[in-house]
Amino acid sequence: MTEIRMENMSFSYGNCNVFSNISLKIEGSNLVCILGPNGVGKTTLVKCINKLLKPTSGHIYINDNDVQDMHLLDLAQIMAYVPNSAFSVFSMTVAEAILMGRHPHAGWTTSENDMDVVDKAIDTMDLQDLSERDIRELSAGQLQRVMIARGLAQEPEILILDEPTSNLDVKHQMEVMRFLKRYAVESDTTILMVCHDLNITAAFADRIIIMSNGGIFADGKAEDVLTEDCIKQVYDVDVKVIDVEGRPHVILLPGIKEEKT
Amino acid sequence: MILKTKTSGEAGSASTFKQTYRKTVVKRVSFIIICIIACFLVMIYSATLGSYDISAGEVYQIIWNAITGQAQSDPTAAHIVINLRLPRILGALVCGFALAVCGTAMQSMMKNPLADPYTMGISSGAGFGAALAIILGFELVSGGGVVVNAFIFATIPALVILFLSKFRKATPTMMILCGISLMYLFNALTQLFMLIADPEDLSAVYSWMVGSLDGIDFNELLIVLIITVLGSIYVQYMANQLNIMGIGDESAKTLGVNVDRKRLVVLMVITLMAAAVVSFTGIIGFVGLVAPHIARAIIGADNKYLLPGSAVFGALLLLVSDIIARTITAPLMLPVGVITACIGGPLFMFLILRNNKEIWS
């Protein structure tokens, strides 16, 4: 079983402190979501995990190996990262973009197994019809699905996604989230996701980590974490939390009525 | 999508992705094979051209005899083909190949469609080295002359970048800016020498700078060939990683490619290749910029196929340019660098206008 362990991790850009002394343990075939206001360091945190950034102090261990001592290729074999957006200067087909996900495992040539894995990822993300399209011609939502497919093609033990549903329509949002939740269990994968949508998170996450003011504010199951009080403290907005299918559902209160009176 | 779990009905037949992917591969390989055949035919044709009449059949016979070590039936014709025409033709083949490989790799790893083999100031360095030798008679290695000077100075920009990378991360922008600033420096110094040069030397420097395949001999060719073959094998080996470098440094790292280091290594290899070519032929422009773009427009940007594709296309382009350079004002020969620009430019413009799909963004 895969385990990510952070010990007293701090990060600052120059003098600007992002977060300090975070200690966390993420393990098991779970869908873990990180919530929090803008600029609180959610993306910075995940980038420390996959060695894109180096924490100012503290350590991150993956299966007891210090990330900073691991080679990028070894890391890429067990961990995939799905960025929020992507670009390419030159033309690149959807198929080529997703095939890149095989790089950490594949040799120089593309094997039949690589083709099968990619084919399955393309199917899963509903991209068969787009496979020869240039990724620069896709909509933001289609591109996001391509990036997720690339992450799946990497067959990781840990899948990290940065706001994977931000550009998707509601149907694809639900389908992607439902898929990720199932995928975590079926392929024994730890999925760590930075998210902004409170309700999507509440409906699907096995565990929610809320970051605020340079640290972890709350950590636990949706019903324990997403309370009216907590959301007021973290986001400074008034909400009403109701129960929908056994999960909390957050209703934002516009507060227009009060302003009038 | 996920709810349709899963179109397993079509498990028997290959999926859309697999079918189209295979079709694309066939198309790409066909382009490469066609270019190779064209190169071969153009080489034979090219060897028939000149003041002494030799037919294509004779050329083929002469080359065949030379390779198998048989006696030549017409020693004069054999001498003309093998010692006078062939070095130049093979030179065009190898140099075109090398410059196109360098250009493709440079564009992919810099994520910049304007990059070419000379982007990093390789040409200005070489030009400066050549001017030193021609005008001041200064040789870095005594007896090495223009070639050694040009080669060594051509590698200086890459070495400077390598040195600076110890202090700052070598991003594409940093590399290109370094290359450009060194280019200005070298050009300024070269121009300073040219001001004090006498007319004969000045003309020699100028004609060196335009780039020509005159006077390349088999020994020089062998050096360029060895460096080109080794360099091309390495760059081809890196093809997947070059593709990945194109999608941004962060994504590349999470796919296991150490971009910062790999980019420097590829830069060194390209520099050696381009420096080898430039030091023997002078600055043959445009092949390295245009061949990758034209090939990319036809077979796509996957470096696994694009590298060999643009390499053979570059070779073809230089072979054709060489024919024109030799024949258009015969018996006077034009520098081939002028012709590559004159053919490549309009061809490039045509492709830009014709392609409704953008080749780059």
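Residues numbered from 1 in each chain as written. Chains lettered and ligands numbered in written order. Predicted model: local features only at pLDDT ≥ 70, side-chain atom pairs only at ≥ 80, totals over all residues. Heavy atoms only, no water.

### Re the packing of aromatic side chains
Phase 1 of the analysis: Within this structure, the stated rule accounts for 11 aromatic pairs over all chains.
Phase 2 of the analysis: Pairing Phe11(A) with Tyr13(A) gives two aromatic rings, centres 4.8 Å apart and planes at 75°, and the pair type is edge-to-face.
Phase 3 of the analysis: Taking 6.3 Å as the distance between ring centres and 85° as the angle between the ring planes, the aromatic pair formed by Phe153(B) and Phe186(B) counts as edge-to-face. Taken together, the positions of Phe153(B) in helix α5 (residues 145-164) and Phe186(B) in helix α6 (residues 172-196) put the pair 33 residues apart, joining distant regions of the chain. Each member of the pair, Phe153(B) as well as Phe186(B), carries the same accessibility label: buried.
Phase 4 of the analysis: Members of the aromatic cluster, each reached through a chain of ring pairs, are Phe128(B), Phe153(B), Phe186(B) and Phe193(B).
Phase 5 of the analysis: One residue, Arg296(B), lies across the ring of Phe90(A), its end atom 3.8 Å from the ring centre. (Phe/Tyr/Trp six-rings, centres within 6.5 Å; stacked < 30°, edge-to-face > 60°. Helix = DSSP H or I, 4+ residues; strand = E, 2+ residues; numbered from the N terminus. Buried < 20%, exposed > 50% of the residue type's maximum accessible area, 1.4 Å probe, protein only. Lys NZ or Arg CZ within 6 Å of the ring centre and 35° of its normal.)

### Some words on the pairing of strand β1 (residues 3-13) of chain A
Residue and element names in this part refer to chain A.
Phase 1 of the analysis: Direction of pairing for β1 relative to strand β2 (residues 16-27): antiparallel, over a ladder of 8 bridges. Bridge pairing links Met6 to Leu24 in β2.
Phase 2 of the analysis: The hairpin turn running from β1 into β2, its antiparallel successor, is 2 residues long, and Gly14 in that turn takes a positive phi close to 60°.
Phase 3 of the analysis: As paired elements, β1 and strand β4 (residues 57-62) share 5 bridges and run antiparallel to each other. Counterpart to Ser10 in the pairing with β4 is Ser57. (Pairing = 2+ DSSP bridges.)

### Some remarks on the side chain of Asn65(B)
All names here are of chain B.
Phase 1 of the analysis: You can see Asn65 is positioned in helix α2 (residues 56-68).
Phase 2 of the analysis: Overall, the relative accessible area of 5% leaves Asn65 in the buried class.
Phase 3 of the analysis: Looking at Asn65, its side chain comes within polar contact range of the side chain of Gln72, at 3.4 Å.
Phase 4 of the analysis: Excluding its chain neighbours within four sequence positions, the residues that come into contact with Asn65 are Gln70, Ala71 and Gln72. (Polar contact = N/O pair within 3.5 Å; in protein donor to acceptor, adjacent residues only side chain to side chain. Contact = heavy atoms within 4.5 Å.)

### Considering unusual backbone geometry
Residue and element names in this part refer to chain A.
Phase 1 of the analysis: Residue Glu163 is not a glycine yet carries a positive backbone phi of 45°.
Phase 2 of the analysis: Inspection of the secondary structure puts Glu163 in the loop between β7 (158-162) and α6 (170-186).
Phase 3 of the analysis: Within the chain, Asp188 stands out as a residue other than glycine whose phi angle is a positive 50°.
Phase 4 of the analysis: Structurally, the position occupied by Asp188 is in the loop between α6 and β8 (190-194).
Phase 5 of the analysis: A relative accessible area of 43% places Asp188 in the partly exposed class.

### Thoughts on the nonpolar core
Phase 1 of the analysis: Core analysis: the largest hydrophobic core is formed by 155 residues, its most contacted members being Ile98(A), Val146(A), Ile210(A), Met109(B) and Met175(B).
Phase 2 of the analysis: When residues of this core are assigned to their parent elements, the largest contribution, 18 residues, is made by helix α3 (residues 75-110) of chain B.
Phase 3 of the analysis: Those residues in contact with Met109(B), other than ones at most four positions away along the chain, are Pro172(B), Leu242(B), Met245(B), Arg263(B), Val266(B), Leu267(B) and Ile270(B).
Phase 4 of the analysis: Grouped together as the second largest cluster of nonpolar side chains are 31 residues, Ile26(A), Val46(A), Leu52(A) and Met70(A) included. (Core = buried A, V, L, I, M, F, W, Y, C linked by side-chain atoms within 4.5 Å.)

### Some thoughts on the interface of chain A and chain B
Phase 1 of the analysis: Residue-level contacts link 50 residues of chain A with 49 residues of chain B.
Phase 2 of the analysis: Where chain A abuts chain B, roughly 4,100 Å² becomes buried across the two surfaces, and 59% of that area is made up of carbon and sulfur atoms.
Phase 3 of the analysis: It is Phe90(A), His103(A) and Trp108(A) in chain A that bury the most area against chain B; as a group they hold 18% of the surface buried on that side.
Phase 4 of the analysis: Our enumeration of links across chain A and chain B arrives at 4 salt bridges. (Buried area = accessible area lost by both parts, 1.4 Å probe. Salt bridge = Lys/Arg side-chain N within 4 Å of Asp/Glu carboxyl O.)

### Observations concerning the sheet that holds β4(A)
All names here are of chain A.
Phase 1 of the analysis: Spatially, β2-β1-β4-β5 is the arrangement adopted by the 4 strands of the open sheet, whose pairing is antiparallel. A strand with exactly one partner marks an edge of an open sheet, and here the two such strands are β2 and β5 (65-66).
Phase 2 of the analysis: In the packing of helix α1 (residues 42-49) onto the sheet, contacts are made with β1, β2 and β4, and the angle to β1 comes to roughly 125°. (Axes fitted to C-alpha atoms, helices over the stretch in contact; angles between N-to-C directions.)

### Let's talk about the pattern of salt bridges
Phase 1 of the analysis: Per the stated rule, a full pass over the model turns up 24 salt bridges over all chains.
Phase 2 of the analysis: Across the pair Glu3(A) and Arg5(A) runs a salt bridge, and its minimum N-O distance is 3.4 Å.
Phase 3 of the analysis: The class of Glu3(A) is buried, set by a relative accessible area of 16%.
Phase 4 of the analysis: On the accessibility criterion, Arg5(A) (21% relative accessible area) is partly exposed.
Phase 5 of the analysis: In this structure, Asp302(B) and Arg28(B) form a salt bridge, with 4.0 Å as the shortest nitrogen-oxygen distance.

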